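# Survey of secondary and tertiary structure
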Amino acid sequence: MSELAEKNRERGPGRALCIGVLMAVVINTVFPYGLLVMGTLDWTGDFIALSAIFLLFVLVIINIPLKWIKREWGLSVYELVLIYAMMAVASAIPSTGVTAQLVPFLAGIFYYATPENNWIEILHPHIQPWLAPQDPTAVKYFYEGLPKDMAIPWGVWLIPLLSWASFLIALYLMMIALSSLLHEQWARNERLVFPLMQLPLDMIREDEKSSRVNPFLKDPLMWLGFMIPFVLLGINGLHKYFPFVPAVELSTQVTLFHDMRGILFSLWFIVLGLTYFLSLEVSFSLWFFYLLNFFQLGFFNILGFSIPEIRLMHTEGSIATAQQAMGAMIALVAVSLWTARGHLKEAFASAFKKTAQQDAAGQLLSSRKSVWLLLTASSYAVLWLNHAGLPLGASLLLLFIAFVVFVGLTRIVAEGGMGYGRAQMTPAAFTINALGTAPIGPQGLLVLGFSNGWAGDIRTTVMAAAANSTRLAEVFKIRRAPLFWAMVLALSVSLVASAWTVISIAYTYGGVNLHYWFYGYMSRWSFNDIVANQLNPVESWNFWGPRGFFTGIGAGLMLVLMYLRHRFLWWPIHPIGLPVGGTYVMFFAWSSMALGWLVKWTVLKYGGAKLFVRLRPFFLGMVLGQVSSAGVWMVVDLVLRLDEVVTRW
C-alpha cells in the first residue's frame, strides 16, 4: 500500500463505516425501488453485486477531485476495501437474497388464500402467530394500498420481522464463519482465482507515484472496452423513451426440441468480460455442461421419460436432471471439505485450546471464534426452525442441504467467477422428497414453504460476498481489518432498510401493482406446492427410488470428473459446471461464456501471455461499461419520476 493509504488507515475505520452504512441504505432502498416499482434491472439479485460495483465506481470517481483539493480528504485503499465489503454483503439482502422474497410471503399466505386453493383449511391453522402478520386489514392494504392519510400498520409487522431477523442473522453469521474457516484452504492452499474481485481490485489499486488518479482509469483500452456496451446499451435506453430510435438486438433463440425451451444466443458483456479471467478449463466447463444438460433434457423429451411426481418450485429442467445436479453439488462440497480436512481439523481443535491466536492478514475471524460462532449460530437456527414447527430431523436436513448449496455456490463463484447462477433444486424440495411428507407433518411443510423465501431462488449469498471481500482484503495485505464487524453492521442496516422499503412501497402503491414475481407469483407457487404435497402425500423416504438414482449418478459423475481432473493433467473437462449447468440463469449466460472462452483461447494461442495481460483492462472495461450504462439509465428513470416518488413517499 502507498504511504498515504497507511496514513489514512491509522485514522481508524470510522469514516469508512459511516460511508459503508450510507451505501448499504442506498443499496437497500433506491435499488429495490427501481426493481419493484419501476421494473428496472435487478441490481442486487446476483453474485456479481452490480450495485456494489457501480457505487464503488462512483466513489472512485469522486475520490479524484477530493484528492486534488486535499490529499487527506480522499478515501484510502483501506477505506475503499472496507466500504466495498459492506456494499457487497448489503447487496445480498434486498432482492433474491431474502427480503423481496420473504416479506411478501408473510402477507401473501393470507391474501392469496381462496376457497379454490384450500389454504385457509390446510395452511392457516399451522401458522405460528410470531411468523406472519395475521391482521386481515393490514394484509389487505399491503396488496391493495393504504387509503389516503392512513398510516402503515408497523405494529402488526414488528414481532414477525424481529423473529425472522433473529433467524436470518444466525444464518448469516454461519455463512461468515464458514467463509472464514475455508478462506485459508481456498485462497492460499488451492489458490482459487476469485474472478469477481478482479474489477474491484483494479478500481481500488492506487498508483504508487501519484495516488490521485487510479491507473485503471488512465488506461485507453479500459475506456475502449467500456464504451462498447455503454453505447450499445445506451441506444436501447434511448429506444425506451424514443421508439423511433432503433433498438440493438443482442439475442436470438433457436428451438430444437418440441415443447421445450430452445437455445438462446445472447451477448452479455458482463459475462463475456468476466469469462476472460477464468482458466480455459473452467470457462469451457460452464458452457459445456449447459449444452450437455440441454441435450439430456431433449433426449428425455423424445423418449417421453419423466419422474411422475410433483415438480416443486425452482426444480430446474426436470426432476431427474435437478436431482442429478444436486448430487453433483453434494459431491463438490464433500470433496472440498475433505481436501480441507487438515485445516478444518486444526481449526476445530484450536477452538478448545486456551492459547492466543494471531489473525492472518485479511482474515475475518480467528479459527477459534469462527468455530464457536458457527456452532452457536447453527444451534440457534436449528432450534428456531424446530420451534416454528419443523421436526428436528427435518430441520437438520434442511439446514444441511441449504449450506451444501451455499458452500457449493460460493466455491463455484470463487473458482469459476460465476456472476449469475443458482442451484437446480431448492433445499425445501430436496428435504420433502428425501424424507417424505409424513415425517415432516403439516406444520413442518408450512415452514418449508416459508424457507423458499431465504433458500429458494439462491442467486446471491452473504457467504459469497464475504469470501470475495476477504480475498480483496488479503490482496491489499490489510491485517486485522474490522471486516467482520463492518459486515455485521452492513447486514443489520440492510435488513432494516430493505424490510422498510418492501413494506412501505407495498402500502404506498399496492403489492398487486408492483413486481409480479416477488409480490404475487412466487408466494402462490410456493404455497400451492405445499398444499399439493399435503393433498398428495410423498411416500416416506421417497429418495430411495428414481430420485436417489439420479442423485447418485450426479454425485458419481462429479467424483469421477474430479478424480480425473486431479489425476491426469491432460484431462480437459473441469467438473465445476456440472452442478449449475442446467440452471435457468445459464440459459442466458452460456453463449457469452462460450464466446469469452473462444476469445481467450485465441488470445493465448496467437498472442501469448503478454497480449493476454495487455488486454486485461479492455475486458474489465466491458464489465464496467454495462454496469455503468444500466446505472445511468436507472438514474434517468428515477429523475423523470422524481415528482411521483416524492408525492407518494
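Here we summarise the structure given alongside this text. (Residues numbered from 1 in each chain as written. Predicted model: local features only at pLDDT ≥ 70, side-chain atom pairs only at ≥ 80, totals over all residues. Heavy atoms only, no water.)

## With respect to the packing of aromatic side chains
The tally for this structure, following the rule as stated, stands at 58 aromatic pairs. Between the aromatic rings of Tyr-111 and Tyr-112, the centroid separation amounts to 5.2 Å while the plane-to-plane angle is 85°, which identifies the pairing as edge-to-face. Overall, Tyr-112 belongs to the buried group, its relative accessible area being 12%. Residues Phe-587 and Phe-588 carry aromatic rings whose centres are separated by 5.0 Å and whose planes lie at 75° to one another, so their mutual orientation is edge-to-face. Put simply, the rings of Phe-105, Trp-119, Trp-130, Trp-164, Phe-167, Trp-384, Phe-450, Trp-454 and Phe-527 pair up and form one aromatic cluster. Lying over the aromatic face of Tyr-112, Arg-524 brings its terminal NZ or CZ to 4.9 Å of the ring centre. Sitting above the plane of the Phe-568 ring, Arg-567 keeps its charged end 5.3 Å from the centroid. (Phe/Tyr/Trp six-rings, centres within 6.5 Å; stacked < 30°, edge-to-face > 60°. Buried < 20%, exposed > 50% of the residue type's maximum accessible area, 1.4 Å probe, protein only. Lys NZ or Arg CZ within 6 Å of the ring centre and 35° of its normal.)

## Some thoughts on the pattern of salt bridges
This model, assessed by the stated rule, comprises 16 salt bridges. Of the charged contacts, one joins Asp-219 and Arg-614 as a salt bridge, the two residues approaching to 3.4 Å between their closest N and O atoms. Within this pair, whereas Asp-219 is found in the loop between helix H9 (198-204) and helix H10 (220-241), its partner Arg-614 is found in helix H24 (residues 608-614), the two being separated by 395 residues in sequence. A residue is classified by how much of its surface remains accessible, and Asp-219, at 14% relative accessible area, is buried. Linked through salt bridges whose partners overlap, the residues forming this network are Asp-46, Glu-316, Arg-422, Asp-457 and Arg-459. (Salt bridge = Lys/Arg side-chain N within 4 Å of Asp/Glu carboxyl O. Helix = DSSP H or I, 4+ residues; strand = E, 2+ residues; numbered from the N terminus.)

## Description of the packing of helix H19 (residues 462-475) against helix H20 (residues 483-509)
Axis separation between H19 and H20 bottoms out at 11 Å; the angle between their running directions is 145°. H20 is crossed by H19, and the crossing has right-handed handedness. Residues Val-462, Ala-466, Ser-469, Thr-470 and Ala-473 of H19 pack against Leu-483, Met-487 and Leu-491 of H20. Within the contact of H19 with H20, the residues separate by chemical class into 6 nonpolar, 2 polar and no charged. (Axes fitted to C-alpha atoms, helices over the stretch in contact; angles between N-to-C directions. Left-handed = near helix turned anticlockwise from the far one by under 90°. Contact = heavy atoms within 4.5 Å. Nonpolar A, V, L, I, M, F, W, Y, C, P; charged D, E, K, R; others polar.)

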